[in-house]
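Breakdown of the fold
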Amino acid sequence: MSYTTRKRIAQLRETDPSDELIEIFAWVRTKRDSKNVCFFELNDGSSLKGLQAIIDKAPNESGTPDLQDEIDRMQTGCSIRVAGRLVESPGKGQSVELACTDLEIIGEAPADEYPLQKKRHSFEFLREIAHLRGRTNTFGAVMRVRNELSYAVHRFFQDRGFLYIQTPIITASDAEGAGALFQVTTMDLDGLARSGGPVDYQHDFFGKPAFLTVSGQLNAEAYATALERVYTFGPTFRAEHSNTTRHLAEFWMIEPEMAFCDLECNVELAADFVRALLSAVLERSPEDMRFFDERIEKGIFADLERVATSTFEHMTYTDAISALETAPRSFDYPVSWGIDLQTEHEKYLTDEYIKGPVVVTDYPKEIKAFYMKQNPDGKTVRAMDVLVPRLGEIIGGSQREEDHDALVTRIEEMGLPREAYSWYLDLRRFGTVPHSGFGLGFERLVRYVTGMQNIRDVIPFPRAVGSAEF
Ligand code: 4AD
Ligand code: MG
């Protein structure tokens, strides 16, 4: 069973008919059995469309053995080994099919128990069986596109000289200063609760409070100010009680960080990055993308094609507020200068006002993180969010404050523990440089690209408030 010689269905579908005997390992999607012939559809996850196989039951000179016992045991969902020859297919939508001469059931899937019997199940139902949903067309396509996108992320940065660095998952500092942290402890919480005693973190594993990281940015900055351009691509965790279709408690984030780079340079990098990712997936996953276009979000293929070659509009936060204030519609959340943009505002700007992706910059400092570089106006910071249609924010980033004293002032103004950031301040004490970076939420990207409605349906096993199954 060498994996190197085993042919996969994606490859076989492109192969010409021949007399060569081939062997396939796959799962059965459907079966149609009649007196003289049995048709069944195989899928091995290598592509959206499977391969049709036929067993000719009529006695013939090829001497096909009687496979009726196996045919009877073959149900939707079972795993099999089949052997046969590729023949020209008379059917529509495929050029070849497998004339099967041998069939072995590897693992049965009893029809009265296997939950994936219907042609289409609701995404809500499939979320309850996340361990099996990868066997459906939609989730197979989502995971292949997700894979293509993660490959494209690395290609994009590797081609431009960025070093892939791995930043820690356990951290003592709150990178965003937003307080949405999961605490990590080995202390006996039940015992502490029973004793009613005070919590002494000296007895905790790290000798002080520790958390799961919300962002690798601060650590990435340390390496960007050494190696000039780096990126991270790892899991991040946020204990926000946001029960929405665009928030997860555990999500993957891509964070480039670049020295000698101001906000304009950061905007340029972000737009290049998004365009490159879209081009890559359209070029490399056309079949899956056509599926999303037909079944999930009509017109998405052409829409992404257009975005992949367009320039991204740019507006300041102040201009965005004006556009919202004069919008020919009302919002649930009232608009005024200083508010944090809500999803409805972001969607108006990108879906209706610009009708394409838009980069919004220079937000009020009060609604942004402590590390962002302040503008001379004293009110705004060099922040940047990239908003895309149907979704809103997909990227958040900024130019960083590289001035030591200005950063200390900001940390103190915001009531953050200066001590915890002393190493971060060192980066401004020694060889400081203008530098910038951003974070792209990987699941937001997959949602945008596939047109799926809920972020929980673009990650293999979603973790969200109140739910961490599987
Ligand atoms: O805008 P955010 O909070 O920015 C940062 O964390 C910066 N430290 C990034 C940087 O400059 N290096 O998050 C970045 C992106 C958001 O634009 C969004 O796409 C995604 O991360 N994101 C989430 N995705 C899923 N679930 C959540 N709860 C998310 N929170 C943020
Ligand atoms: Mg943000």
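First, a word on scope: everything that follows refers to the structure included in this document.

Criteria and thresholds
Each chain carries its own residue numbering, running from 1 in the direction its sequence is written. Chains carry letters and ligands carry numbers; both start at the beginning, A for chains and 1 for ligands, and go up in the order they are written. A pLDDT threshold of at least 70 governs which residues receive local features in this predicted model, and a stricter bar of 80 or more applies before side-chain atom pairs are shown or counted, although totals over entire chains, interfaces and linings include all residues. No hydrogens and no water enter the side-chain calculation; it runs on all heavy atoms of the structure. Should DSSP find at least two bridges between two strands, the strands are taken to pair. Each helix is a run of DSSP H or I of at least 4 residues and each strand a run of E of at least 2, with the numbering of both proceeding from the N terminus. Any carboxyl oxygen of Asp or Glu within 4 Å of a side-chain nitrogen of Lys or Arg constitutes a salt bridge here. Burial classes follow relative accessibility: with a 1.4 Å probe on protein chains only, a residue under 20% of its type's maximum area counts as buried, one over 50% as exposed, and anything between as partly exposed. All axes here are fitted lines through C-alpha atoms, helices being fitted over the stretch that makes contact, and every angle between N-to-C directions spans 0 to 180 degrees. What makes a patch is a set of residues exposed beyond 30% relative accessible area and free of salt bridges, joined within 9 Å when like-charged and within 5 Å when nonpolar (Val, Leu, Ile, Met, Phe, Trp, Tyr). Per-residue and other accessible areas were derived by the Shrake-Rupley procedure at a 1.4 Å probe size, with only the shown protein chains allowed to occlude residues. Between two residues, a contact is recorded if the distance between any of their heavy atoms is within 4.5 Å. By definition, disulfides here are pairs of cysteine sulfur atoms that lie within 2.5 Å. Just so you know how the angles are binned, under 35 degrees is roughly parallel, over 145 roughly antiparallel, 65 to 115 roughly perpendicular, and the rest oblique. Gly is placed with the polar residues, together with every amino acid not listed as nonpolar (Ala, Val, Leu, Ile, Met, Phe, Trp, Tyr, Cys and Pro) or charged (Asp, Glu, Lys and Arg). Proximity is defined per residue: if any heavy atom of the residue lies within 4 Å of a molecule or strand, that residue is considered near it. We define a polar contact as two N or O atoms separated by no more than 3.5 Å, with the added condition that, inside protein, one atom must be a possible hydrogen donor and the other a possible acceptor, whereas residues neighbouring each other in sequence contribute only through side-chain atom pairs.

Put simply, side chains in a regular strand alternate between the two faces of the sheet. Sheet topology note: the strand β3 (residues 51-56)/strand β5 (residues 96-107) ladder contains two bridges and is parallel. Bridging from a neighbouring strand, Ile54 pairs with Ala99 of β5. Here strand β4 (residues 79-88) pairs with β5 via ten bridges, running antiparallel. Across the sheet, residue Arg81 finds its bridge partner in β5, namely Glu104.

Time to look at the pattern of salt bridges. Here the idea is simple: oppositely charged side chains can pair when their charged atoms come close. If you walk through the whole model with that rule in mind, you get 28 salt bridges. With a closest N to O distance of 2.6 Å, Glu287 and Arg13 form a salt bridge. Of this pair, Glu287 sits in helix α8 (residues 286-296) while Arg13 is found in the loop between α1 (9-12) and β1 (22-33), placing the two residues 274 residues apart along the sequence. Of the charged contacts in the structure, one is a salt bridge between Asp288 and Arg144, with a shortest N-O distance of 2.9 Å. Here Asp288, found in helix α8, pairs with Arg144, found in helix α4 (residues 137-159); they are 144 residues apart in sequence, far enough to count as distant. Neither residue differs from the other here; Asp288 and Arg144 are each classed as buried. The network of salt bridges with common partners includes Glu23, Arg81, Asp102 and Glu104.

Okay, the sheet that holds β4 next. Strand order around the closed barrel formed by five strands is β1-β2-β3-β5-β4, with mixed pairing between neighbours. Strand-to-strand, the axes of this sheet are offset by a mean angle of 55°, without reference to chain direction. Of the pairings in the sheet, the one linking β1 to β4 comprises six bridges and is antiparallel in character. Looking at the pairing, Glu23 lines up with Ala83 of β4.

So, on to unusual backbone geometry. One non-glycine residue with positive phi stands out, namely Asp362, at about 60°. Position of Asp362 among the secondary structure elements: in strand β13 (residues 358-364). Positive phi, normally seen in glycine, also occurs at Arg390, with a value near 70°. Here Arg390 shows up in the loop between β14 (380-388) and β15 (392-399).

A cluster of nonpolar side chains, namely Ile169, Ile170, Phe205 and Phe206, defines an oily patch on the protein surface of about 390 Å² accessible area. Along the chain, Phe205 falls in the loop between α5 (189-195) and β9 (210-212). Using a relative accessible area of 60% as the deciding quantity, one classes Phe205 as exposed.

Let's shift gears to the environment of Thr245. By secondary structure assignment, the location of Thr245 is in the loop between β10 (229-237) and β11 (250-259). In this structure the C-alpha to C-alpha distance between Thr245 and Gly191, which are 54 residues apart in sequence, comes to 37 Å. Discounting chain neighbours no more than four positions away, the residues touching Thr245 are Arg447, Gln453, Asn454 and Ile455.

Here we take up the state of the cysteines. Summed over all chains, the structure comprises one disulfide. Here Cys261 connects covalently by a disulfide to Cys265, the sulfurs 2.2 Å from one another. Every disulfide takes its handedness from the sign of the S-S torsion; for Cys261 and Cys265 that torsion is -105°, giving left-handed. Accessibility expressed as a relative area gives 19% for Cys265, which makes it buried.

Where α8 contacts helix α9 (residues 300-308), the two axes come as close as 8 Å, and the packing angle between them is 120°. Regarding the angle of α8 to α9, the classification is oblique. On the side of α8, the interface is formed by Pro286, Met289, Arg290, Phe292 and Asp293, while α9 contributes Ile300, Phe301, Ala302 and Leu304. Here the residues of the contact of α8 with α9 are counted per class, giving seven nonpolar, no polar and two charged.

In this section: the site of ligand 1. Lining the immediate environment of ligand 1, one finds 24 residues, of which Glu176, Gln217, Arg238, Glu255 and Glu393 sit closest. Glu393 places a polar side-chain atom, nitrogen or oxygen, 2.6 Å from an oxygen atom of ligand 1. One nitrogen or oxygen atom from the main chain of Ile394 is found 2.8 Å from an oxygen atom belonging to ligand 1. For ligand 1, the protein covers 93% of the area, taking 620 Å² as the surface of the free molecule. Put simply, the parts of the chain that give the shell around ligand 1 at least two residues each are β11, β15 and β16 (435-441). For the shell around ligand 1, the element with the most residues is β15, which contributes five residues.

Purely geometric numbers; function is a separate question.
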